[in-house]
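The chain contents come next:
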Amino acid sequence: MKAPKPMKLVAYLAISVGCALASISVASTVKQTKGDFEDKFRQLDEILPTPNAYRNAAGEPGQQYWQQQVDYSIEATLHENERRLTGKQTIRYHNNSPYALKYLWLQLEQNRFKPDSMAEQTVAFGGLGRRGPATRAKNDEQPAGITFGELRRQQFYADNNIGYEISAVTNTQGSALPYLIKGAQMRIDLPQPLKSGEQLSFKLNYAYNILEEDAVSARAGYEHFPDDERKGGNDIFLLAQWFPRVAAYSDYEAWHNKEFLGRGEFTLEFGNYDIKLTVPADHIVSATGELQNPQNVLTKTQQQRLDKAKNAKSPLFIVTPEEALENEKAGTNKTKTWHFKANNVRDVAWASSRKFMWDAKGYHQGGEKMPLVMAMSFYPKEGGELWQKYSTEAVVHTMEVYSRFSFDYPYPVAQSINGPVGGMEYPMITFNGPRTTWHEDGSRTYTQAEKRFLIGVVIHEIGHIYFPMLVNSDERQWTWMDEGLNSFLDGIACREWDPDIPWGVEPRDVADYMKSEVQVPVMTQSDSILNLGPNAYTKPAVALNILREIILGRDLFDFAFKEYAQRWQYKRPTPSDFFRTMEEASGVDLDWFWYGWFYTTDHVDISVDKVSQLRIDTLNPDIDFKRRREEEVDKPASVFVERNQQEDKRLWVDSNKGVSDFYDKHDRFTVTNVERNEYQQMLVDLEDWERKALSRAVKEDRNYYVLEFSNLGGLVMPILLELTYENGKKEQRYIPAEIWRRSPHSVKKLIVTDKNLSAVTIDPEWMTADVNVDNNHYPRRIIPSRIEAFKQEERTDPVYRDIMHDIKTEEKAPEATPKRK
């Protein structure tokens, strides 16, 4: 490749007599406060909550930190044919707060789907999950569209009763407790206040009709397979948000009783669970917790396989594909009760189906707390080889990576379940959606996209067991604290799985959103975010990547992030706890970073506008005047003079010698003794250190480049420079973000070098999410693009049909297109 031409000399840097050499550095002008000066580095003290005894200034749990505990004993029955769940539970509430509680609030998420709920009544047409056609007619008079999915949803609502049926709320002695249900919230009024340090037990019976997940999109529900060999088909049941749960009560919000609207998930209290699940006898059940009665629900052979899988090098089947296919055929009226216990978890979910095959592999992570974790996957034949090859292995890989950044996985099992939910997480168990495609010859295949989706979603959802199932952030209020942090870590895990797969967490993946008009601050409450994916997942993940790779470096970042995870394991952090911990543990002031990336809609767009090449004037007239004469000669000649010469125009002074004088032989660059004497006097008048500095600068004759930058996007960031020299070599330079502290809109930077620059590039590897890379180059580059040829679309209005011809067309029965299974 041919080397670019050197940049044209722009100016020379002169040194005034008596000035130190250091004065040549260019400083930005600080604008007046009454003008348009904006302090991008203002501290967050007035935004973040004041540190207290519960949460200190270092971002740690304070000396008086507390949180509640809620224990559950639940017996539930799955009525398969009715697709209904009934249950009874005993709840033991531990009031660890310093306050007396007059009432308890419970979450009734199944009520969120009732037609009269706030969630359903406030869904706007075209809202999340309720979109019309992907493209709309340009003519506003065209009617709005509605999807088949929305029709299906509306018809399911019309045909089914939705929501909890609460049949009894009593104390342990059987006396009724007064309660009020409002939307998806339930308040139980206590006979007397529950004092600090006291405990309360009460019972609650409930039932509800299970939603069809494909119709309602509810994070949980059943999926029906009508084409299975069993008469009536089979179902997969994914049960989450399946029992009334006591809401969280915290030091910073008291009762977390914000109405569930569907997007903001939840935060709950940790507790111990004893769960008994009665299901059809041929079902296989996966659940949060450790199975207590394998001898009652598994065959001896299956128990032996489960024990052997603990030390297997690759996943072993506990329930084989052949056994699962046989289960699909029969069905039974008998039942089995699966008994699970889970300690110190904030929720429980489970799955049940006769379609499940089950594989497992032991993950030997070592350590004292949980040296062996069983990684397991449950999936129907529709999962096929895709699930058999990748699901359980991805579970193990996730734990290996996440534990490096946080803590050892503390639970006995980690599970991936295939069902109708695309991706959802709960303690010890996750729901994941991708499947294979069935073909008429009986074979099953999968696309590259489905492979990437499965690996990515398993890593992401298993990662959620760390954040927020263990580091218990409030998903309803700050979605980014679990989705953003988890997306950052799953990006690391996915790259360590296969770096050639585009995982969607690179800085370039968020640039379009950050420059869009629909962007809202990351700190926006989840139900108010229009574009949840880029806002709560990608943007904070990219921000943390930039913080790790550019601003702090891996050593500082990884230490601080692990400190945050370990401080808040089994506890409830807020954004201020994360921000303060990262600063305190890294030793770096990051207020400017948190403010710009999380509290504003600024974007990154740094432009390199001008590069000036300057050289030292020697101040010696015999040297400098000669150089200036040479510069004048190098300038382009007048085109008029050149054309006169081409036409042999004779000059007047050449034809009339008498008009010549002294100045025809001496130009303005002729040196006289006056200049020489002034130069010598200047040297005498200099201080010794000034004379030494000038002499060295003249001798070295270095290049002084002044680079001018403008911040067009508003988000201050470090400037990542790539300097290309005439010899083709490149040099990387890092300018910290603090260069913008006095002038956030434009700055200049002096670069001193022995080499000649040929080009300057900002962020050459696209690491800062700069939304416009075209202005990142000096000199500017030609912008590549494509011209797309297209054919004009035919008109589709009814009047343009050829009815005379079409009415003669014979009617014929359509042939069904093979369906995807």
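The numbering scheme is per chain: residues are counted from 1 as the chain's sequence reads. Residues qualify for local features only when their pLDDT is at least 70, as the model is predicted, and side-chain atom pairs are given and counted only at 80 or more; totals for whole chains, interfaces and linings, by contrast, use all residues. Heavy atoms throughout the structure, all of them, feed into the side-chain values; hydrogens and water do not.

Undergrad: Got a minute to help me understand the packing of aromatic side chains in this structure?
TA: To describe a pair of aromatic rings, you give the distance between the ring centres and the angle between the ring planes. Only Phe, Tyr and Trp rings take part, Trp by its six-membered ring, and two of them pair if their centres are within 6.5 Å. Stacked means planes under 30 degrees apart, edge-to-face means over 60, and tilted covers everything else. Tallied over the full model, the rule gives 49 aromatic pairs. Measuring from centroid to centroid gives 5.8 Å for F467 and F561, while their planes differ by 50 degrees, and the two rings are tilted. Placement of F467 in the loop between α8 (448-463) and α9 (480-497) and of F561 in helix α12 (residues 554-568) is noted, with a sequence separation of 94 residues between them. One exposure class covers both F467 and F561, and it is buried. A cation sits over an aromatic face here: R245 above F243, 6.0 Å from the ring centre. We count a charge as sitting over a ring when the NZ of a lysine or the CZ of an arginine lies within 6 Å of the ring centre and within 35 degrees of the ring normal. The residue whose ring lies beneath K355 is F225, and the NZ or CZ to ring-centre distance is 4.3 Å. Secondary structure elements are taken from DSSP: a helix is a run of H or I of four residues or more, a strand is a run of E of two residues or more, and numbering for both begins at the N terminus. Only protein chains enter the accessibility calculation, which uses a 1.4 Å probe; a residue is then buried when its area is under 20% of its type maximum, exposed when over 50%, and partly exposed in between.

Undergrad: I tried to follow the environment of E450 on my own but got confused; where do I start?
TA: Turning to its location among the elements, E450 is positioned in helix α8. For the pair E450 and L101, spaced 349 residues apart in sequence, the C-alpha to C-alpha distance is 50 Å. Polar contacts here mean pairs of N or O atoms no more than 3.5 Å apart (in protein, one a potential hydrogen donor and the other a potential acceptor; neighbouring residues in sequence count only if both atoms are side-chain atoms). Among the polar contacts listed, one links the side chain of E450 to the backbone nitrogen of T447, at a separation of 2.9 Å.

Undergrad: Please explain the packing of helix α7 (residues 384-405) against α9 as it appears in this structure.
TA: Helix-helix packing is described using two parameters, namely the angle between the two axes and the distance between the axes. Packing of α7 against α9 leaves a shortest axis separation of 10 Å and a crossing angle of 120 degrees. Of the two elements, α7 crosses α9, and the hand of that crossing is right-handed. For the pair formed by α7 and α9, the contact residues are Y390, E393, A394, H397, V401, Y402, R404 and F405 on the first element and N486, L489, D490, I492, A493, E496 and W497 on the second. When residues are sorted by character, Ala, Val, Leu, Ile, Met, Phe, Trp, Tyr, Cys and Pro go into the nonpolar class, Asp, Glu, Lys and Arg into the charged class, and all the rest, Gly among them, into the polar class. Of the residues belonging to the contact of α7 with α9, the class tally is nine nonpolar, two polar and four charged. A fitted line through C-alpha atoms represents every axis, and for helices the fit uses only the stretch in contact; the resulting angles, taken between N-to-C directions, go from 0 to 180 degrees. Handedness of a crossing follows from how the near helix is turned relative to the far one, being left-handed for an anticlockwise turn of less than a right angle and right-handed for a clockwise one. By definition in these notes, contact holds between two residues if any of their heavy atoms fall within 4.5 Å.

Undergrad: How should the pattern of salt bridges be read in this particular structure?
TA: Side chains bearing opposite charge may pair, as long as their charged atoms lie close to each other. By definition here, a salt bridge exists when the distance from a side-chain nitrogen of Lys or Arg to a carboxyl oxygen of Asp or Glu is within 4 Å. One pass over the full model with this rule turns up 53 salt bridges. E506 is the salt-bridge partner of R495, the closest N and O atoms lying 3.0 Å from each other. Of the two residues, R495 sits in helix α9 while E506 sits in the loop between α9 and α10 (511-514), which places them eleven residues apart along the sequence. Judged by its relative accessible area of 25%, R495 falls in the partly exposed class. A salt bridge links D701 to R615; the shortest N-O distance between them is 2.6 Å. Taken as a pair, D701 in the loop between α19 (688-700) and β27 (703-711) and R615 in strand β26 (residues 606-615) lie far apart in primary sequence, 86 residues in all. Assessed through its relative accessible area of 36%, D701 is described here as partly exposed. Three or more residues joined by partner-sharing salt bridges are found here, namely D617, D624, R627, R628 and E631.

Undergrad: Just to check I follow, could you spell out unusual backbone geometry for this structure?
TA: Negative phi is the rule for most residues except glycine; trans is the rule for most peptide bonds. Note that the residue after F467, namely P468, is joined by a cis bond; omega there is 20 degrees. Along the chain, Y778 connects to P779 via a cis peptide bond; the corresponding omega equals 0 degrees. Relative to the helices and strands, P779 resides in the loop between β32 (777-778) and α20 (803-806). A positive phi is found at R219, a non-glycine position, where the angle reads about 75 degrees. Mapped onto the secondary structure, R219 falls in the loop between α3 (213-216) and β8 (221-225).

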